[in-house]
Amino acid sequence: MLGANAVLLVAAKTVTLCCGAVLTTMTYRAYRRTKAPAMRALWVGIGLVTAGAILAGTLHQVVGLPVTVSVTIESLFTAAGFLVLTYSLYTEQPAAE
């Protein structure tokens, strides 16, 4: 049986997956519509943060990796995602047609 902390963790990861999937989908559609490099970077950054959170939970709960290993993997994805998100703020926008 899952403890209260495990239930809270699963609930938080579920919310992260749902919100991250919606944000990733919306930014991907915006990128496809605009072809803006900044929007592409935003899409990739949000996708990395979301994927890291879900991957960490999966690796711990399903594969059985220790929490420290799964959290380290999540942190690497989060750091990469935030680097890409920061890059998106400095990316040149295409000229208006």
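Conventions we followed
Residue positions are counted from 1 within each chain, in the order its sequence is given. Under the rules for a predicted model, residues below a pLDDT of 70 receive no local features and side-chain atom pairs below 80 are neither given nor counted, while totals for whole chains, interfaces and linings still include all residues. Side-chain calculation: all heavy atoms of the structure are included, whereas hydrogens and water are not. A run of H or I in DSSP becomes a helix once it reaches four residues, and a run of E becomes a strand once it reaches two; helices and strands are each numbered from the N terminus. By definition in these notes, contact holds between two residues if any of their heavy atoms fall within 4.5 Å. A helix is expected to span 1.5 Å multiplied by its residue count minus one. Note on terminology: disulfide denotes any pair of cysteine sulfur atoms within 2.5 Å. Whether a residue is buried, partly exposed or exposed follows from its accessible area with a 1.4 Å probe, protein chains only, as a fraction of its type maximum: under 20%, in between, or over 50%, in that order. The criterion for an aromatic pair is that two Phe, Tyr or Trp rings (for Trp, the six-membered ring) have centres within 6.5 Å, with stacked assigned to planes under 30 degrees apart, edge-to-face to planes over 60 apart and tilted to the rest. Salt bridges are counted wherever a side-chain nitrogen of Lys or Arg sits within 4 Å of a carboxyl oxygen of Asp or Glu. Axis lines are fitted through C-alpha atoms, for helices just across the contact stretch, and the angle between N-to-C directions can take any value from 0 to 180 degrees. Here the angle decides the label: under 35 degrees means roughly parallel, over 145 means roughly antiparallel, 65 to 115 means roughly perpendicular, and every other value means oblique. Three categories are distinguished: nonpolar for Ala, Val, Leu, Ile, Met, Phe, Trp, Tyr, Cys and Pro, charged for Asp, Glu, Lys and Arg, and polar for the others, with Gly belonging to the last. Crossing handedness follows the turn of the near helix against the far one: under a right angle anticlockwise gives a left-handed crossing, and clockwise gives a right-handed one.

1. Focus: the overall build of the chain
Within the chain one finds 3 helices and 0 strands. Put simply, the chain runs from its N terminus to its C terminus through helices and strands in the order α-α-α. Each principal axis of the C-alpha distribution contributes one length, and for the chain these read about 60 × 20 × 20 Å. The long-range share in the chain, meaning contacts at least 24 apart out of those at least 6 apart in sequence, stands at 60%.

2. Quick word on helix α1 (residues 4-34)
The end-to-end C-alpha distance of α1 is 45 Å, a good match for the 45 Å that 31 residues give at a rise of 1.5 Å each. Residues of α1 that are buried in the fold lie against α2 (37-63) and α3 (67-90). Positioned one or two residues after α1, K35 has a phi angle of 60°, which is positive.

3. Concerning the state of the cysteines
As used in these notes, a disulfide is a covalent bond between sulfur atoms, one from each of two cysteines. A full pass over the atoms with the stated rule returns 0 disulfides. Among the cysteines around C18, which has no disulfide bond, C19 carries the closest sulfur, lying 6.7 Å off. For C18, a relative accessible area of 45% translates into the label partly exposed.

4. Observations regarding the packing of aromatic side chains
Within this structure, the stated rule accounts for 2 aromatic pairs. Relative to W43, the ring of Y28 lies with its centre 4.7 Å away and its plane at 50°, an arrangement referred to as tilted. In this pair, Y28 is assigned in helix α1 and W43 in helix α2, connecting sequence segments 15 residues apart. A relative accessible area of 25% means that W43 is categorised as partly exposed. Ring plane angle 10° and centroid distance 5.9 Å describe the contact between Y31 and W43, whose orientation is recorded as stacked.

5. Topic: the pattern of salt bridges
Within this structure, the stated rule accounts for 1 salt bridge. Between K13 and E74 there is a salt bridge, with the nearest N and O atoms lying 2.9 Å from each other. Of this pair, K13 sits in helix α1 while E74 is found in helix α3, placing the two residues 61 residues apart along the sequence. Judged by its relative accessible area of 18%, K13 falls in the buried class.

6. Some words on the packing of α2 against α3
The contact between α2 and α3 brings their axes to 7 Å, and the two run at 175°. The pairing of α2 with α3 is recorded here as roughly antiparallel in orientation. For the contact of α2 with α3, the residue count by class is 20 nonpolar, 7 polar and 1 charged.

7. Describing the packing of α1 against α2
Relative orientation of the contacting elements α1 and α2 amounts to 160°, with a least axis distance of 8 Å. Considering their axes alone, α1 and α2 lie roughly antiparallel with respect to each other. Along this stretch, α1 crosses α2, giving a crossing that reads as left-handed. Facing K13, T16, L17, G20, A21, L23, T24, T27, Y28, A30, Y31 and T34 of α1, the residues of α2 in contact are M39, R40, L42, W43, I46, G47, T50, A53 and I54. In the contact of α1 with α2, the residues fall into 12 nonpolar, 7 polar and 2 charged.

From the geometry alone we can't say anything about function, so treat these as descriptive.
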